[in-house]
Amino acid sequence: MKKSFQQYRTHLCHELGLKDVGQKVSLCGWVQSKRDHGGLLFVDLRDREGVTQVVFHPDKDPVLFASAKQIKDEFVIKVVGVVVERPAGTKNAAIPTGEIELEAENLEILNPSLPLPFNLDESIENEELRLSFRFLDLRRKKLLNSLKLRHQVTYVVREYLTSKGFLEIETPILSKSTPEGARDFLVPSRLSPGKFYALPQAPQQYKQLLMVAGIDKYFQIARCFRDEDLRSDRQPEFTQIDIEASFVVVDDILQWVEEMIQQIFSKVLGIELSLPFARITYKQALDLYGSDKPDLRIAWQIQDVGEVFENTEFKIFREVLARGGVIKALNAKQASPVVGPTGIAELEELAKSMGAKGLAYIRIEDKEWKSPIVKFFSMEERKKLENVLGIEPADLILFSAGPWDQACQVLGKVRLQLAEMTRSVPSNEWKFVWVTDFPLFEYSPLEQKWNSVHHPFTRPCQEDIGKLDSGRYDEIRALAYDIVLNGVELGGGSIRIHEKELQEKIFSILGIDKERQKLLFGHLLKAFQYGAPPHGGIALGLDRFVMLLSGAETIRDVIAFPKNRHGVDLLTQSPSEVDFQQLKELHIKLAFPSLDSRLRQEPEIEP
Ligand code: ASP
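Starting from 1, residues in each chain are numbered consecutively following that chain's sequence as written. Local features in this predicted model are restricted to residues whose pLDDT is 70 or higher, and side-chain atom pairs enter the listing and the counts only when it is 80 or higher, whereas totals over whole chains, interfaces and linings include all residues. In computing side-chain values, all of the structure's heavy atoms are included and hydrogens and water are not.

An unreviewed UniProt entry lists the protein under the name Aspartate--tRNA(Asp/Asn) ligase, with Methylacidiphilum fumariolicum given as the organism. UniProt positions are given in the numbering used here, feature names are shortened, and annotations may be inferred rather than shown by experiment. You can read under Subunit (unreviewed entry) in the UniProt record for the protein the words "Homodimer."

Here you go:
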């Protein structure tokens, strides 16, 4: 192609090398730095892809040199020049263009820049400042790389799912409230006074309706909205890789997702994962790891030591067992010398914050068992415990006694904290695990009602369907699955209910009466009467996934324009107040106007 220097650029800033020496080229970008070396001016010119060094000679063209002196950091410039090899001793092996430089012949300042509020090369603690200048923050390499990685991930997702026959279909953003367990964002309707759209918490019902429509295999890189209090890895709007398919069983979905993740790792990170991923049931996950999102990078497992203490004289254990509770123990191998009494006190605090009365422990020092409770154990109990837990010198044993779920969860948290304290979490391992057989319902003592563990469209296990009529709701397992990576829940899904009667029954158990069922889910119940195929699906959180892949510490670092912890976009200052007129058109009157909007309220007397 013939190059024209009328156009902005002939190359990008990462492209030029020894092969281009002698060529006349033109580059555009930002001034990353300017250095004055013995009369010569060096400029590092940066674009999205890389950096090229540009050199200005004072004696070749004094006018050009004078204008080069004007430029400052982050000015946008266009340089036309000739590629030359850098003199020996000045080459830079760290960058792809490090063997050459551009001898400038022409410089155009396309736009100047104010001095930056922060340095793009350094890591900046002040995230609020970064977010309010996000367009500059995104010029930093780390964030740019996250966005590139994110793009590559979605590219592979599209490529893989398309190859398997999935169609990418968009579903409405202005939609109807769908119960995914969070608060909805509502959008008032101007055309239907007093009515509201809800922003989708997930495209759940739409994707099921697409199955009824015969779409067979659907996916979407879907934006979801949940009005929750924000934690470090939550955003009010986030993105899911949303998948649904007809005529599938659990294994079909699991296999597609495994292959998709395998391809992402291979194509984006160059890491080959072996399939299939580990699978454990919800019950096993709690029993062994004290969590439904177990971090399998940590080797320690929780054990049940109820049998050891079945006839114990130790009052606390005896009473827990008598009440139908369990005694769980964790042997943190070799942790005793590292953790010490202050560490144990910290762990005890953690256990108490979770409702435990305390945290019994044994520190094994050489052969000696140091513990406030061992004196209550018989010789036989000690022997059995030693065998069951494989106790050796330097081990640290922790106990939790109480109701099953609480005892497991306490040791689950202790396990994670201990692993951090003893630095036993390998940083370069990728441990995937499927957690299956979740309970369908959980009882909320606060609301005094049963709620869905996943969502109300989840199908009960076939063997447990009979229990729906017997009222043994806590024993019903769901055909639901979560995928967990290194202790982080990446996503979850289920086989769905496709029969009207079964769906109505579940709604009723959840306390949704017939009238509300019709109001909230009439469309789905209607659709189920017109040949709804058996179907199932899953959704994976894209932000969290990319966060893990890129090693970012928060999901804000993998989202171009995230909200801060208070749900505010500091760059655009959204949410913001709106004009009285806008509210009026929406048929809305503020009950608690803020000072600003009060000033803008309708005048008392119309002129
Ligand atoms: N809609 C569910 C969610 O957002 C995922 C699914 O069941 O496919 O968590």
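Draft legend 1. Up close: the overall build of the protein. The numbering of helices and of strands both runs from the N terminus, where a helix is a DSSP run of H or I of at least 4 residues and a strand a run of E of at least 2. Helix and strand content of the protein: 17 helices and 22 strands. Considering only C-alpha atoms, the protein reaches an extent of 95 × 80 × 60 Å along its principal axes. Relative to its full complement of 607 residues, the protein shows a buried share of 47%. Exposure was quantified through the Shrake-Rupley algorithm and a 1.4 Å probe, taking into account, for residues, occlusion by the shown protein chains and nothing else. Summing over all exposed atoms, the protein offers an accessible surface of approximately 31400 Å²; the carbon and sulfur share of this is 52%. Measuring between centres, the 78 positive side-chain charges of the protein sit 1 Å from its 88 negative side-chain charges. Here the term buried applies to any residue with accessible area under 20% of the maximum for its type, exposed to any over 50%, and partly exposed to those in between, with areas from a 1.4 Å probe on protein chains only. By the counting scheme adopted, Arg and Lys are positive, Glu and Asp are negative, and His together with the chain ends is not counted. Each charge is placed at NZ for Lys, CZ for Arg, CG for Asp and CD for Glu.

Draft legend 2. Focus on helix 7 (residues 282-289). Every buried residue of helix 7 is listed here: Y282, A285, L286, D287 and Y289. Any two residues whose heavy atoms approach within 4.5 Å at even a single point are treated as in contact. The inward-facing, buried residues of helix 7 contact strand 11 (278-281), strand 12 (302-304), strand 13 (326-332), helix 11 (404-421) and strand 17 (432-436). Of the residues trailing helix 7, G290 is marked for its positive phi of about 65°.

Draft legend 3. Expanded view of the packing of helix 5 (residues 204-212) against helix 14 (residues 514-527). At their nearest, the axes of helix 5 and helix 14 sit 10 Å apart, and the two run at 20° to each other. As judged from the angle between their axes, helix 5 and helix 14 are roughly parallel. Seen from above, helix 5 lies across helix 14 with left-handed handedness. The segment helix 5 lies against helix 14, with Q205, Q208, L209 and V212 engaging L520, F521, H523, L524 and A527. In this analysis an axis means a line fitted to C-alpha atoms, helices contributing only their contacting stretch, and an angle means the value between N-to-C directions, from 0 to 180 degrees. The scheme is simple: roughly parallel for angles under 35 degrees, roughly antiparallel for over 145, roughly perpendicular for 65 to 115, oblique for anything else. Crossing handedness is defined as follows: a turn of the near helix away from the far one that is anticlockwise and smaller than a right angle gives a left-handed crossing, while the clockwise case is right-handed.

Draft legend 4. Geometry of the pairing of strand 18 (residues 441-444). Being paired, for any two strands, means DSSP has found at least two bridges between them. In this structure, strand 18 lies alongside strand 19 (residues 449-452), joined through four bridges in antiparallel fashion. If you follow Y443 over to strand 19, its bridge partner there is W450. Between strand 18 and strand 19, which pair antiparallel and follow one another directly, the connecting turn spans four residues, one of which, Q448, has a positive phi of 55°.

Draft legend 5. Seen up close, the state of the cysteines. We call a pair of cysteine sulfur atoms a disulfide whenever their separation is within 2.5 Å. What the rule picks out here adds up to zero disulfides. Of all cysteine sulfurs in the structure, the one in C408 sits closest to C461, which takes part in no disulfide; the separation is 20 Å.

Draft legend 6. Region of interest: the pairing of strand 3 (residues 51-56). The buried count for strand 3 comes to six of six residues, which makes it a mostly enclosed element. Covered by surrounding structure in strand 3 are V51, Q53 and V55 together with T52, V54 and F56, the residues of both alternating faces. Sheet analysis places strand 2 (residues 40-46) next to strand 3, joined by six bridges and oriented antiparallel. Bridge pairing in strand 3 links L41 to F56. The turn linking strand 2 back onto strand 3 is made up of four residues.

Draft legend 7. The arrangement of the pattern of salt bridges in detail. What makes a salt bridge here is a side-chain nitrogen of Lys or Arg within 4 Å of a carboxyl oxygen of Asp or Glu, nothing more. Counting across every chain of the model gives 47 salt bridges. Residues D20 and K19 are paired through a salt bridge, measuring 2.8 Å at the closest nitrogen-oxygen approach. Relative accessible area serves as the criterion here: at 7%, D20 is assigned to the buried category. Here R556 ties to E127 by a salt bridge, and the two come within 2.7 Å at their closest N and O atoms. Pair noted here: R556 is in the loop between helix 15 (542-550) and helix 16 (580-585) and E127 is in helix 2 (residues 127-132), with a separation of 429 residues, a long-range link. For R556, a relative accessible area of 3% gives the class buried. Through salt bridges with shared partners, a single ionic network connects D437, E463, D464, K467, R472, E475 and R477.

Draft legend 8. Structural context of the site of the ligand. The full set close to the ligand counts 12 residues, and Q204, K207, Q240, H455 and R496 are the nearest of them. The term polar contact refers here to a pair of N or O atoms within 3.5 Å; inside protein, the definition further demands a hydrogen-donor-capable atom paired with an acceptor-capable atom, and it admits residues adjacent in sequence only when both atoms are side-chain atoms. Measuring from an oxygen atom of the ligand, one finds a side-chain N or O atom of K207 at 2.7 Å. Contacts to the ligand include H455, whose side-chain N or O atom sits 2.9 Å from an oxygen atom. Of all the secondary structure elements, the ones that give two or more residues to the shell around the ligand are helix 5, strand 21 (488-495) and strand 22 (535-541). Polarity classes work like this: nonpolar for Ala, Val, Leu, Ile, Met, Phe, Trp, Tyr, Cys and Pro, charged for Asp, Glu, Lys and Arg, and polar for all others, with Gly in that last group. A class-by-class count of the residues in the shell around the ligand yields three nonpolar, five polar and four charged. Nearness of a residue to a molecule or strand requires only that one of the residue's heavy atoms be within 4 Å of it.

Draft legend 9. A look at the packing of aromatic side chains. Put simply, two rings from Phe, Tyr or Trp (the six-membered ring, in Trp's case) pair if the centres are within 6.5 Å, and we call them stacked under 30 degrees between planes, edge-to-face over 60, tilted for the rest. On inspection of all chains with the given rule, the structure shows 24 aromatic pairs. Judged by centre distance (4.4 Å) and plane angle (5°), the rings of F277 and F432 are stacked. Separated by 155 residues along the polypeptide, F277 in the loop between helix 6 (250-269) and strand 11 and F432 in strand 17 bring together distant segments of the chain. Per residue, the accessibility class of F277 equals that of F432, and both read buried. Arranged with centres 6.3 Å apart and planes meeting at 90°, the rings of F457 and F507 form a pair that is edge-to-face.

Draft legend 10. Geometry of the sheet that holds strand 5 (residues 100-111). An order of 1-2-3-5-4 is seen for the five strands of this closed barrel, with the pairing classed as mixed. Within this sheet the neighbouring strands show an average axis-to-axis angle of 55°, counted without direction. Most of the contacts of helix 1 (residues 62-70) go to strand 5, to which it runs at about 65°, and overall it touches strand 1 (24-37), strand 2, strand 3 and strand 5.

Draft legend 11. Inspection of the side chain of T436 at higher detail. Of note, T436 is situated in strand 17. The class of T436 is buried, set by a relative accessible area of 11%. There is a polar contact of 2.9 Å between the side chain of T436 and the side chain of D437. In contact with T436, not counting residues within four places along its chain, are I280, T281, Y282, A480 and Y481.

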